[in-house]
Amino acid sequence: MNRIYSYLIFVPVMLQAQWVNYPTAGVPRTADGRPNLSAPAPRTADGKPDFSGLWQPGGGGGSAPVAGGPPLSPEFGDIAAGRKEPLPYRPWALDLRKAREADNGKENPDGKCMPLGMIRMHSHPFPRKMIQVPGLIAILYEKGVDFRQIFTDGRALPKDPNPSFNGYSSGKWEGDTLIVESVGFRDDIWLDGAGNPISESAKVTERFRRPNFGSLEIEVTVDDPKAYTAPWTVMLKQYIALNTDLLEYFCENEKDASHMVGK
Amino acid sequence: MRIALVVSFSVATLSAQWFNYPTPGIPRTPDGKPNLSAPTPRGLDGKPVLNGIWQMNGKYLQDIAADLKPGEVPYQPWAEQLFNSRRNGAGGRSDPAAKCIPGMPKLDALPYPFKIIESPGMVMMLFEGFTTFRQIFTDGRELPKDPQPTWFGYSTGKWEDDDFVVNTIGIRESTWLDNAGRPHSDALHLIERFRRRDFGHMDIELTIDDPKAYTKSWTVKEDLRLIPDTELLEYVCNENNKDYEHLVGK
């Protein structure tokens, strides 16, 4: 009994030592000193909203990560979870999703330590840090110690980009909304755990808004005429994580994939 | 004739893959070429600006002591013994990079380009190799007392005259200093001095301070060049890592 009790004490102490605990600078506060998450979004020197910060997917909270992690965003499992209508699949795309399900997700890139691609990363439960500098927004992902670049220097998208997981992204402002267009995706990306696909013809448009200090809205439109009969849109929300930082997560010990069942 | 065809085809394929985007703000010679010997750019605070896409001289990945004379690396006996056991490819399997995990300080020395981005409170390094990043905090914070050991460690940076000085601790002891297999311990403290000599050239003076593995600290100087008018590609090591099974070692 004594031993079990000691373990219980010991575990929380270990966890505390693992999280990076460093006060976030520049947080607006209420009169009683708590973070004021509904304060206006900060702005950069050029007057545009500043998306810089550490973000986690989901509806809200604003606290540091809790033991066990935040609840999974439903879109991580199925990107269409928040939609009333099913995705407008081409027949082959629906067949591919069904085949991936029937195969128990054995070919899910996540199970093979492969990158997930920038759409699925929006709903991945681990935090990501956005850094906005002139001409560029970088997104640093805890998951896989991976990154994505969004160019905001007005450049055109490449005509024949090398297919990649994160694509090639260029953004421009419309008022307080950053509109990011991306092309150049691989055709083996899974948009979610269900295995919804995209093809190399996909053009993805993201509309980033920061309605207040504590929250970020990312409206994602997938225009992929090879895989879907019409463009479709989902809203993926994120909330700010304070007083912590990215940990280093390498998928270094993936021993499950070879034992998974499937076809 | 067939060989000639194959060769010209490969070249065409490659040229479609590289990004060709003129880097803004690069000084150019009258014929439009980047002037890489132009003066070091400086920010409003007068300090050198390190932003840009850089590529390390490849020899330091193979041998971090390439410019030192034999006997100049002050090994502790166990470290020299371990190094000797790893040389000539023996033990390559125990290098974490063989399993697609780069570590410091080898990360800086990868032969692929990396991008430095200065932002308020933090300098980022985005690496094409392994598509990964380092954060170097410049907001005045202290190094943590008992950091969780990681592959890249925990880094803070500050300016000393024209040198950007980065201190890093908390590096997992299983990383190698170079492909030759020089080891370190969990006591490793790295000091990198980034020195941009002119527009197109930078040195990293790297000091290995690790009293458990080396009898005194030792320093090497690695040189980098600016890579203009391009961008980082995506590099996915886990996709096609077929070497590991063929490496020898434990």
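A. Just the pattern of salt bridges, in detail. In the structure shown here, the tally under the stated rule is 34 salt bridges over all chains. Linking Glu-101 of chain A and Arg-97 of chain A is a salt bridge whose minimum nitrogen-to-oxygen distance equals 3.2 Å. Of this pair, Glu-101 of chain A and Arg-97 of chain A are both found in helix α3 (residues 91-102), four residues apart, which corresponds to roughly one turn of the helix. Among the ionic pairs, Asp-178 of chain B bridges to Arg-182 of chain B, the shortest N-O distance being 2.7 Å. When its relative accessible area of 8% is taken as the criterion, Arg-182 of chain B is described as buried. Through salt bridges with shared partners, a single network forms among Lys-158, Glu-160, Asp-163, Arg-193, Arg-195 and Glu-205 of chain B.

B. The interface of chain A and chain B, seen in detail. At the junction of the two partners, chain A supplies 34 residues and chain B supplies 33 residues. At the boundary of chain A with chain B, total buried surface from both sides reaches about 3,000 Å², with 61% on carbon and sulfur atoms. Contact with chain B buries surface across chain A, with Tyr-22, Phe-147 and Glu-248 of chain A losing the most and accounting together for 19% of the total. There are one salt bridge connecting chain A and chain B.

C. Local environment of the confidence of the model for chain A. All names here are of chain A. Per-residue confidence for chain A averages 87 on the pLDDT scale, and 84% of its residues sit at or above 70. Contacts of residues 1-17 to residues separated by more than four positions or lying in other chains number two contacts, the stretch itself having pLDDT below 50. Low pLDDT, under 50, characterises residues 61-65; the stretch is placed with 12 contacts to residues that sit more than four places away or in other chains.

D. Up close: the nonpolar core. By size, the foremost hydrophobic cluster in this structure holds 74 residues, and its most contacted members are Ile-116, Phe-194, Ile-208 and Trp-218 of chain B. Setting aside chain neighbours within four positions, we find Ile-116 of chain B in contact with Leu-50, Asn-51, Gly-52, Trp-54, Val-123, Met-124, Met-125, Phe-194 and Met-202 of chain B. Ala-93, Ile-119, Ile-189 and Phe-213 of chain A belong to the second-largest nonpolar core, a separate cluster that totals 43 residues.

Rules of the game
Residues numbered from 1 in each chain as written. Chains lettered and ligands numbered in written order. Predicted model: local features only at pLDDT ≥ 70, side-chain atom pairs only at ≥ 80, totals over all residues. Heavy atoms only, no water. Salt bridge = Lys/Arg side-chain N within 4 Å of Asp/Glu carboxyl O. Helix = DSSP H or I, 4+ residues; strand = E, 2+ residues; numbered from the N terminus. Buried < 20%, exposed > 50% of the residue type's maximum accessible area, 1.4 Å probe, protein only. Contact = heavy atoms within 4.5 Å. Buried area = accessible area lost by both parts, 1.4 Å probe. pLDDT = per-residue confidence, 0-100. Core = buried A, V, L, I, M, F, W, Y, C linked by side-chain atoms within 4.5 Å.

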